[in-house]
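# Close look at the chain arrangement
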Amino acid sequence: MPRIPRSKLARIAAIIVLTVAITALVIGLGSRKNLQPKHYVQLILDGFRGGSIYALMALGYVTVYTVTGIINFAQGEFVMLGALISISVYNMPLPLPPAARLVVAVGSSILLTTLIGIIVERVAIYPARLSPTVTLIIITIGVTITLRASALLIWGADPYVLPAFSTLVLEDHIFRFGGVTLQAQSLWIWGTLAVVLVLLYVFLEHTITGKALRACAVNRRAAQLVGINPSRMSMLSFGLAAALGAIGGIVMGPVTRPIYDMGLMLGLRGFVAAILGGLVSAPGAVVGGLLLGVVENIAAGVTNPTYKSVVAFVIMIGILLLRPQGIIGRGETGGEQ
Amino acid sequence: MKTNRMSLVLALLMVAGMVLAGCAQAPPATEAPPATYKIGFNSSATGTYATLGLPEAKTAEMIQEQINAAGGVVGPDGKKHEVEIIIYDDENEADKTVSNVTRLILEDEVIVVVSTTGSGTSIAEIPVCQENQTACISMASAKPVTSDSESGTEHKWMFKTPQTNGHAGAWQAAYLSAIGISKVCILHTDDGYGTDCLANFKAQAEAAGLEVVYEAGYAKTDTEFSAQMAGVEASGCEAVEIGSTPPVASLAAIAVRTAMPDMPITLGHGVCNQPFIDTAGAAAEGTVFPCGKVTVIDEVADDDPQKPVLEQYIADYTEFTDGESISTFGGHAWDAVMMAVEALSAVEDGASLEEQRAAVRDYLETKIVEWPGISGLFTFSASDHNGLGKDSLLFVKVVDGKGVAFPESEW
Amino acid sequence: MKNVRAHANTIGVITLSVVILVLGAIDLFRPGGLRFSDLTGRVVTTDTMIRIGILTIVVVGLNLLMGYAGQISLGQAGFYALGAYASAILTTLSTRHGILVGVADQWWWPWLAIVIGMGFTGGFAYLVGRPIFRLKGNYLAMATLGMGIIIYILAGQFPEITGGYDGLTGIPRLHIGTFKLWPMQRYYFLVWGAAIAVIVLALNIVNSRTGRAWRAVHSSEIAAGASGVDIERSKLRALVISAVFASLAGSLYAHFQSAVSPNPFSFRASVQLVVMAAVGGLASIWGAPFGVAFVFVVRDLLRSRLEDVLHVRGSGYELIVYGVILVLIMIFLPEGLTAGGAKLLRKRWRSAAAGDP
């Protein structure tokens, strides 16, 4: 049996005390609003749904950040593009049954968005790759403005609908058990997240390109010395981030009403998730996303839902100040960057 | 050498300037043509309220075309005056609104202003209109746009054409108490429109003896409502009122339907455009809300004094925009601009701008009586710069993906 | 020649003051009916000039923070909001709440409110900055971003105090004794007077001990620390100064607009401020007014020109072009329009002097 150092013991005790205190606070506040256990289950379930989308976005941030050192503000716009392009393709009068049309729509949307991501990197990011952080942040903001305005031009300001994947109409299957409801689309969202994670794992661990990408993330200079082309990796990371964003946008399409300016708030939330996960760790991003979804929902449920987005940003500042390496603690620290 | 060349350039520039200035001076006309009257128009054609502001701007463009095709407005001098509508976009940003309205009043020297789409932005323009003594007709629904929240009196130079949330709240409360509800929940967007819905609905509901047991907000961009649904369920209310515009109104309605399929839902008149029913799908079925008549023209009685105006506007707008769908917002713009145009008939050619502006304002306050518009039958007065009653709205229920009239007799 | 260099800032301040005075005088006296906006083909009006002046004050502060102290803030609109709301709340105390009647109606009260606002915002920045400055680079940007958004959301709450989403109206115009600083042709002088004062102050700070410490920290924290610079304190000072400037601008904004609502203080506003600072040149105080003016004027010009050419409305063409211009400036003139442009010109000049084709 390994010996537990005292400081570690103290830390575990502190975590337990903190967890108990927070739980008590949540239940106390919740009981004032008459919340019952089924409500908490519902809040957590739906939190995982929203959190999965945050996780996909956070993965996009992490991919770009680790490889290029850039915080890509345009990540939210990739989500918007993914959703709106898939809707446009789905609504094209193709001589196909709806299910096949959906598959075509999903495929072409991911491809197109990936292409846009690559173009963005080649045209706007790569020429300025040696610039200071501020400049790069502003460039991605410029890209964001351009993409959003283009979307306004193409799709107008109206919200669109993407049919639920299971029913292929607007109305989804709803499962009900003991007062808790679950939409079939939530299963699609979780399934997609799982598949994406597996594919990502296989890509990063078992392909040469994936390994090169990881090498680049660990140490760019060293990667270059062993013959990895950092320019290609930078391009790849943007393409991958765009694809992740597009996937998120598509699977969440049926539970939201995609609109040209949906990217901003989503992008910021996804970013908070990435920070929660430490900004440089893919598993961290996923945990961060799911956790943010759940915490946000529970906090909103037991207090005033108006403060939902305040909660997200308070958590972010708290994490930055107390644990800049993220909740699972494998990331770099802000102070020693 | 250098100085010499510099002065040569300067001299040339000055000569050029003088020549240009000389050219700009028009030769004295034998008889001045009737002055062109200018109306300023500002809406949020882009930005968060683009779905509202764009049809408004298009309506203004359409009216501009129509009036000048007819030769303009006839002034008290009996002559026809061309009307120029100067159209700006404020992107639903308060700073832009104030800049645009300032520019219209001080630079473009318009006689009357129609502005703007949002409630918050309309409130921001109040000081400009008041200080410069120019009538501003807003297309936003919140009460503080025209009345001072401290004293309750109307701002002298502010008018507005949409039905207020007070009218909507009166319908919703009357309906809910008629079907035997005693406890209600309110969900609303956290913005100017949503909080105005909340305040008005609450006042009307409490006056009708309903108890508001839960109220919760959400951001315009939210897609997740389980926190609000938990609150609604736990509070034990029997009906839910949603104060939002689409798309978030649709998502909130879907969330209520998903969690509580049998819960009655009322909404505000901000959902009276096709996007709500399109984006809410089956969740919209059975929801009830008050609507401007233009969106439910088939349900308007033939003897309604608004009917001819409504039909004309729908036909014109459809033609002008190649078949874009009709929204209540374009109607608010039609009322505002047409009122302004009509008020221009009281403007003396040659009078000072201040006098012309005052004439328009006085005309609006005193002469707009039983005036059939798109949003209702307007009667402005010193104590009412909205001039509409509850009957300007038609109560509607969504049946088979379409809003149909749902009069009190069927409750 | 060397003399000119040494006095460049003095010459700059005098030139700017003269230009501002002349332009303002034209609009105040309107010789021969000539208006200020006539000089600019009606693109820039007095209203635009005042807004440029107000935002210049914020951007100068942002310049000190980002360009000299090397710290990014994506929440500057939050400090701007604090100043605006401080003025709005304090000057409507007597009319809204019946508090301090007889005191809050005096002409000097709004001026005191501006100072209170600056003090409060500075103190707030100090409290926020202390923990945040343990972070660096991207992380600091994100912490300030979160702070800005939280202030923005809270401004829409508590309608009793902040007026909620509709905001506060009825903010009085400023007076000196019985002299009213309005219409806006008069207010213009106040705003630009403040802007020039802030520029002068910033130039002095940059060339003072504090400024040297910032530059030392910016180039190498370790070296600066080793040579006795209190790094954290030096950064904090930059943040507090920039927050105080933003607060002053916010107060001037509140009295200009006479109404305050959360709308102008969103995340977009913070982003736009950073863009203005970057376009003007991050490490260039003189870049600030140009960066602000560029963003203001270029967007408006683009919009009206594109609408004329393409006959479209509300389409977003101009935003696309605006975004592209932004990216191009950052790629090709990363030091901003002023510094970068000057460098380009100098290069041209030198090669011309050397007889290159």
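Reference entry: report on the structure contained in this document. Predicted model only: the values in this text are computed from it and were never measured.

### Observations concerning the nonpolar core
With 204 residues, the main nonpolar core has M142 and Y187 of chain C as its most contacted residues. Among the elements that take part in this core, helix α10 (residues 184-206) of chain C stands out by supplying 15 residues, more than any other.

### Here we look at a nonpolar patch on the surface
Residues I99, L100, V103, W107, W108, L112, I116, I176 and F179 of chain C make up a contiguous nonpolar surface patch of about 770 Å² in total accessible area. Along the polypeptide, F179 of chain C turns up in strand β3 (residues 179-180).

### Points about the state of the cysteines
Residues and elements named next belong to chain B. Taken as a whole and assessed by the stated rule, the structure comprises 3 disulfides over all chains. One disulfide in the model links C129 with C136; its S-S distance is 2.0 Å. The disulfide joining C129 to C136 has a torsion of about -95° about its S-S bond and is therefore left-handed. The pair C129 / C136 is uniform in exposure class, with both members buried. The residue that forms a disulfide with C185 is C237, at a sulfur-sulfur distance of 2.0 Å. Handedness of the C185-C237 disulfide follows from its S-S torsion of about -105°: it is left-handed. Pair noted here: C185 is in strand β8 (residues 183-189) and C237 is in the loop between α7 (226-235) and β10 (239-243), with a separation of 52 residues, a long-range link. Look at C237 and you get buried, because its relative accessible area is 8%. Unpaired in this structure, C197 has its nearest cysteine sulfur neighbour in C272, at a distance of 11 Å.

### Things to note about the interface of chain C and chain B
The interface is formed by 30 residues belonging to chain C together with 32 residues belonging to chain B. Here chain C packs against chain B, burying approximately 2,600 Å² in sum over the two surfaces, 40% of which is carbon and sulfur. Viewed at the interface, chain B and chain C are joined by 7 salt bridges. Between E93 of chain B and R268 of chain C there is a salt bridge, with its nearest N and O atoms 2.7 Å apart. Where chain C meets chain B, there are 16 residue pairs in polar contact (both at pLDDT 80 or more).

### Some remarks on the sheet that holds strand β4 (residues 83-89) of chain B
All names here are of chain B. Across the sheet, which stays open at both edges, the 5 strands sit in the order β4-β1-β5-β6-β7 with parallel pairing between neighbours. Only two strands of the sheet have a single partner each, and these edge strands are β4 and β7 (158-160). Direction aside, the axes of adjacent strands within the sheet are offset by 20° on average. Across 4 bridges, strand β1 (residues 37-43) lies against strand β5 (residues 112-115) in parallel orientation. Looking across to β5, one finds that G40 is bridged to V113. Those strands touched by helix α4 (residues 119-131) are β5, β6 (136-138) and β7, and its axis lies near 140° from that of β7. Those strands touched by helix α11 (residues 328-344) are β1, β4, β5 and β6, and its axis lies near 165° from that of β1.

### What about empty space enclosed by the protein?
Residues and elements named next belong to chain B. Under the definition given, this model contains 7 cavities of 30 Å³ or more. Counted as a void, the largest cavity has a volume near 170 Å³. Forming the boundary of the largest cavity are 16 residues, of which L52, T117, S141, Y193 and F329 lie nearest the centre. Class assignment for the residues of the lining of the largest cavity results in 7 nonpolar, 8 polar and 1 charged. Two domains each put at least three residues into the lining of the largest cavity: domain 1 (37-164 + 303-389) and domain 2 (165-295 + 394-410).

### Re the pattern of salt bridges
Residue and element names in this part refer to chain A. Applying the stated criterion across every chain yields a total of 25 salt bridges over all chains. With its nearest N and O atoms 2.9 Å apart, the salt bridge here joins R269 to E296. In this pair, R269 sits in helix α10 (residues 263-276) while E296 sits in helix α11 (residues 282-302), placing the two residues 27 residues apart along the sequence. No difference in accessibility class separates R269 from E296, as the two residues are buried.

### Digging into the side chain of H81 of chain B
Residues and elements named next belong to chain B. With respect to the element layout, H81 can be found in strand β3 (residues 80-81). Exposure remark for H81: the relative accessible area of 0% places this residue in the buried category. In this structure, H81 is in contact with P34, A35, Y37, G71, G72, V73, G75 and D349, ignoring residues within four places of it in sequence.

### Some points on a positive patch on the surface
All names here are of chain C. On the surface, R209, R212, R215, R233 and R237 cluster together to form a positively charged patch. The set of elements that each furnish at least two residues to the positive patch consists of α11 (209-219) and α13 (231-257). Here the positive patch takes 3 residues from α11, the largest share from any one element.

About the criteria used
- Residues numbered from 1 in each chain as written.
- Chains lettered and ligands numbered in written order.
- Predicted model: local features only at pLDDT ≥ 70, side-chain atom pairs only at ≥ 80, totals over all residues.
- Heavy atoms only, no water.
- Core = buried A, V, L, I, M, F, W, Y, C linked by side-chain atoms within 4.5 Å.
- Buried < 20%, exposed > 50% of the residue type's maximum accessible area, 1.4 Å probe, protein only.
- Helix = DSSP H or I, 4+ residues; strand = E, 2+ residues; numbered from the N terminus.
- Patch = residues over 30% accessible without salt bridge, like charges linked within 9 Å, V, L, I, M, F, W, Y side chains within 5 Å.
- Areas by Shrake-Rupley, 256 points an atom, 1.4 Å probe, with all protein chains shown as cover.
- Salt bridge = Lys/Arg side-chain N within 4 Å of Asp/Glu carboxyl O.
- Disulfide = S-S within 2.5 Å.
- Contact = heavy atoms within 4.5 Å.
- Buried area = accessible area lost by both parts, 1.4 Å probe.
- Polar contact = N/O pair within 3.5 Å; in protein donor to acceptor, adjacent residues only side chain to side chain.
- Pairing = 2+ DSSP bridges.
- Axes fitted to C-alpha atoms, helices over the stretch in contact; angles between N-to-C directions.
- 1 Å grid on protein atoms, 1.4 Å probe; cavity = no way out; pocket = protein on both sides within 12 Å on 5 of 7 lines; lining within 4 Å.
- Points joined across faces, edges and corners; volume = space filled by probe spheres on them.
- Nonpolar A, V, L, I, M, F, W, Y, C, P; charged D, E, K, R; others polar.
- Domains from an automatic or database assignment.
- Lys, Arg positive; Asp, Glu negative; His and termini not counted.
- Charge placed at Lys NZ, Arg CZ, Asp CG, Glu CD.

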